[in-house]
Amino acid sequence: MLQIAPSILSANFGRLAEDIQKVEAAADLLHLDIMDGRFVPNITIGPMVVEAVRKTTDLPLDVHMMIVEPDRYLSDFRNAGADMICVHWEACPHIERTVDQVHRLGALAGVAINPGTPVELLTDILPELDYVLVMSVNPGFGGQQFWPRAVEKLARVRALRGDRDRPLIEVDGGINRDTAPLVRKAGAEILVAGSFVFGADDPARQIEILKAE
Ligand code: DX5
Ligand code: ZN
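Residues numbered from 1 in each chain as written. Chains lettered and ligands numbered in written order. Predicted model: local features only at pLDDT ≥ 70, side-chain atom pairs only at ≥ 80, totals over all residues. Heavy atoms only, no water.

Caption draft 1: Representation of the packing of helix α5 (residues 150–161) against helix α6 (residues 179–186) within the structure. Look at α5 against α6: their axes get within 8 Å of each other, and the N-to-C directions meet at 25 degrees. Comparing their axes, α6 and α5 come out roughly parallel. In this structure, the crossing between α5 and α6 has a hand that is right-handed. Contacts between α5 and α6 involve Val151, Leu154, Ala155 and Arg158 on the former and, on the latter, Leu182, Val183 and Ala186. (Axes fitted to C-alpha atoms, helices over the stretch in contact; angles between N-to-C directions. Helix = DSSP H or I, 4+ residues; strand = E, 2+ residues; numbered from the N terminus. Parallel < 35°, antiparallel > 145°, perpendicular 65-115°, else oblique. Left-handed = near helix turned anticlockwise from the far one by under 90°. Contact = heavy atoms within 4.5 Å.)

The following block contains the structure:
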C-alpha cells in the first residue's frame, strides 16, 4: 500500500504544530530531515525538535539522518520519539552494526543512498532492512529538481528484493504530481514530499493528489 510521508523541511517552523495538524489526517508518516552541516551543507533540527513534534502528532515519525557518525545519536533520536530511523550508507563504515543498533533500540531501520551510490551495495544488508530510501536529489535542501535516473534505480531495488515484500522502498526528493506516477510505477511504496505538500495552501489536498495520480 502506498504511503505518503510529508517532509516538514518545507513547513513553517514558526507554526510547526499548525502545519503538522494540516496533514495529520491525510498523511501516513511524518518525515523529519536531520542535517549537520557536514554530511550535507545545510543544518536543520536535532532531537529536541523531534521530541516537540512527537508531542503534537500521532503519526509515525520517519527520521532521515543526514549526518556523519549517526551511531552517536541513534538513541537520542529514538528517545525523542523516532519510530523509523534511516541512516546514509555513505556515512556508515559499519552499516550492519548501525542497523542492528537501530533494531535494538526498537525502531524500524532504513538505509538511504545518494544518487551516486549504486543500489547493489545494499545486496548483503538488504534482508536486515525494514526500508531502503532512494534519494532522487542530492540531499541537503528542499525544493530541488527530481533526478530522473532515480526511476531506474528504484526498479533495481525492487529487483534486488525479489519476491519478498520487505524492505519497503522509499523515495525522497522532487516528488510532485508529475514524478509521483513514475516512481510509483518503478516500485516506490513510500513517497516523501516536502515543497509539493507544504508549498501549497491546502497540504492535505496535495497528499490526496499524490495518492490519486
Ligand atoms: C532533502 C530532504 C528531503 C526534502 C524533500 O535533502 O531529504 O526530505 O525535504 O523536499 P522536496 O520534496 O521539496 O524535494
Ligand atoms: Zn529526507
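Caption draft 2: Layout of the environment of Asn79. Within the secondary structure, Asn79 sits in helix α3 (residues 74–80). For Asn79, a relative accessible area of 65% puts it in the exposed group. Spatially, the C-alpha atoms of Asn79 and Pro47 are 8.3 Å apart, while their sequence positions differ by 32 residues. (Buried < 20%, exposed > 50% of the residue type's maximum accessible area, 1.4 Å probe, protein only.)

Caption draft 3: Representation of the sheet that holds strand β5 (residues 108–113) within the structure. Strand order in the open sheet formed by eight strands is β1-β8-β7-β6-β5-β4-β3-β2, with parallel pairing between adjacent strands. With one partner strand each, in any of the chains shown, β1 (3–6) and β2 (30–35) form the two edges of the open sheet. Here the average twist between neighbouring strands, direction ignored, is 25 degrees. Where β2 meets strand β3 (residues 61–66), six bridges bridge the pair, whose relative direction is parallel. Its bridge partner being in β3, Ile34 is matched across the sheet by Met65. (Pairing = 2+ DSSP bridges.)

Caption draft 4: A look at the site of ligand 1. Contacts to ligand 1 come from 20 residues, most closely from Ser7, Gly143, Asp172, Gly194 and Ser195. Backbone polar atom of Gly174 to an oxygen atom of ligand 1: 2.8 Å apart, as the coordinates give it. With the chains in place, 100% of the 380 Å² that ligand 1 exposes on its own is no longer accessible. Those elements that provide at least two residues to the shell around ligand 1 are β2, β3 and β8 (190–193). In terms of residue count, β2 provides more of the shell around ligand 1 than any other element does, three residues in total. Partitioned by chemical class, the residues of the shell around ligand 1 number eight nonpolar, 10 polar and two charged. (Near = heavy atom within 4 Å. Polar contact = N/O pair within 3.5 Å; in protein donor to acceptor, adjacent residues only side chain to side chain. Areas by Shrake-Rupley, 256 points an atom, 1.4 Å probe, with all protein chains shown as cover. Nonpolar A, V, L, I, M, F, W, Y, C, P; charged D, E, K, R; others polar.)

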